[in-house]
Amino acid sequence: MIPQLVVREGPETARTRLPAPGQLDVWLVRRPRLETAAELLDLSELDDAERRRTASFVRPTDGITYASAHVALRRLLGVYLGLAPRAVPFVREPCPGCGKPHGRPAVAHPDPPLHFSLAHSHGVAVVAVAATVLGADVERLPRDETVEVCAPALHPGEQQELAGLPVEERRELFGRMWTRKEAYLKALGTGLSRDPGQDYLGADRRRRPSGWTLLDLPSGPRHNAAVAVLGGPPERVTVRWVPPTALYAGGTVDLDADGMTTHERDWGA
């Protein structure tokens, strides 16, 4: 169910709404139509770097996807933190390789902490929010050529699972594997600077990295989405679509809106 648009009078919320331990909130964002976005998409809460990045894309639809994702991120985190969207205190965590501040994007953590991850691809974005370290990814279903080029870079166990499958099944399985992998590498803070063949993220949960939970998420018929969460399975996972109107002037999202909610037992972990 799509969450209801809530319009608030002031620039700040009355209180923080930090997720409880064991809670994972996932927000999916669909790019507005080009003609609608050009007129109504509110870029006023983005900083200068985000606006420059929006304008830098060759294809206007890619710029709108990026802008929609970042407007949604700021408005969501603003509600969680009780801040105006433009006041969300973004920082970079230390890089796990060199220790310099270009690791995971983060907010200056309150107590208790708030962690988030943002990803976007071809018209769809995902924002995941929890009290623990996590990474999220969304990818459009891969083309056959993508599978052929990228499959040799996978973990040997993943390559074995792909071998011999019919073309359509191979594309679908590769898409799920790669999305899990990107989510996990984002959670580590390394991204693809870490060899994608080093970690197994295939179908056998027992072989996946210990100390992490990998969740495949519903994201529509043309995309795969996944979240990697540090620790055991979340006790409660809620997935919601953000309506396009929540990205327009005066809009925000309601954290209490209905969504698809599941519990630990439903993930089969």
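Small disclaimer: the values here were computed from a predicted structure and weren't measured.

Our focus in this paragraph is the layout of surface pockets. Taken as a whole, the largest pocket encloses approximately 600 Å³ of empty space. Of all the elements in the fold, those that place two or more residues in the lining of the largest pocket are α2 (48-56), α3 (60-81), β3 (90-92), β5 (115-121), β7 (134-140) and α6 (167-188). For the lining of the largest pocket, a count of residues per class yields twelve nonpolar, seven polar and eight charged. By volume, the second largest pocket is sized at about 290 Å³. Lining the second largest pocket are 17 residues, with H122, G123, V124, R222 and H223 sitting closest to its centre. Its residues assigned to classes, the lining of the second largest pocket shows six nonpolar, six polar and five charged.

Per-chain confidence: the protein averages 88 in pLDDT, with 91% of residues scoring 70 or above. Counting contacts from residues 1-13, a segment whose pLDDT is below 50, to residues more than four positions away or on other chains yields 35 contacts.

The topology assignment puts D137 in strand β7. Comment: no salt bridge for buried D137; closest opposite-charge side chain is K186, at 4.8 Å. Ignoring anything within four residues of it in the chain, the contact list for D137 reads A119, V126, W178, T179, E182, A183, N224, A225 and A226.

Our next topic: the pairing of strand β9 (residues 223-230). The element β9 is largely enclosed, with a buried count of seven among its eight residues. Both β7 and β9 contribute to a ladder of seven bridges, which runs antiparallel. Along β9, the bridge assignment pairs V138 with A225. Where strand β8 (residues 212-217) meets β9, six bridges bridge the pair, whose relative direction is antiparallel. From the neighbouring strand, W212 faces β9, where its bridge partner is L230. Count of turn residues in the β8/β9 antiparallel hairpin: five residues, of which G220 carries a positive phi of about 95 degrees.

Let us now look at unusual backbone geometry. Negative phi values dominate among residues other than glycine, just as trans dominates among peptide bonds. Located in the positive-phi region is H122, a residue other than glycine, with phi close to 50 degrees. Counting through the fold element by element, H122 comes out in the loop between β5 and β6 (124-130).

Criteria and cut-off values
Residues numbered from 1 in each chain as written. Predicted model: local features only at pLDDT ≥ 70, side-chain atom pairs only at ≥ 80, totals over all residues. Heavy atoms only, no water. 1 Å grid on protein atoms, 1.4 Å probe; cavity = no way out; pocket = protein on both sides within 12 Å on 5 of 7 lines; lining within 4 Å. Points joined across faces, edges and corners; volume = space filled by probe spheres on them. Helix = DSSP H or I, 4+ residues; strand = E, 2+ residues; numbered from the N terminus. Nonpolar A, V, L, I, M, F, W, Y, C, P; charged D, E, K, R; others polar. pLDDT = per-residue confidence, 0-100. Contact = heavy atoms within 4.5 Å. Buried < 20%, exposed > 50% of the residue type's maximum accessible area, 1.4 Å probe, protein only. Lys, Arg positive; Asp, Glu negative; His and termini not counted. Salt bridge = Lys/Arg side-chain N within 4 Å of Asp/Glu carboxyl O. Pairing = 2+ DSSP bridges.

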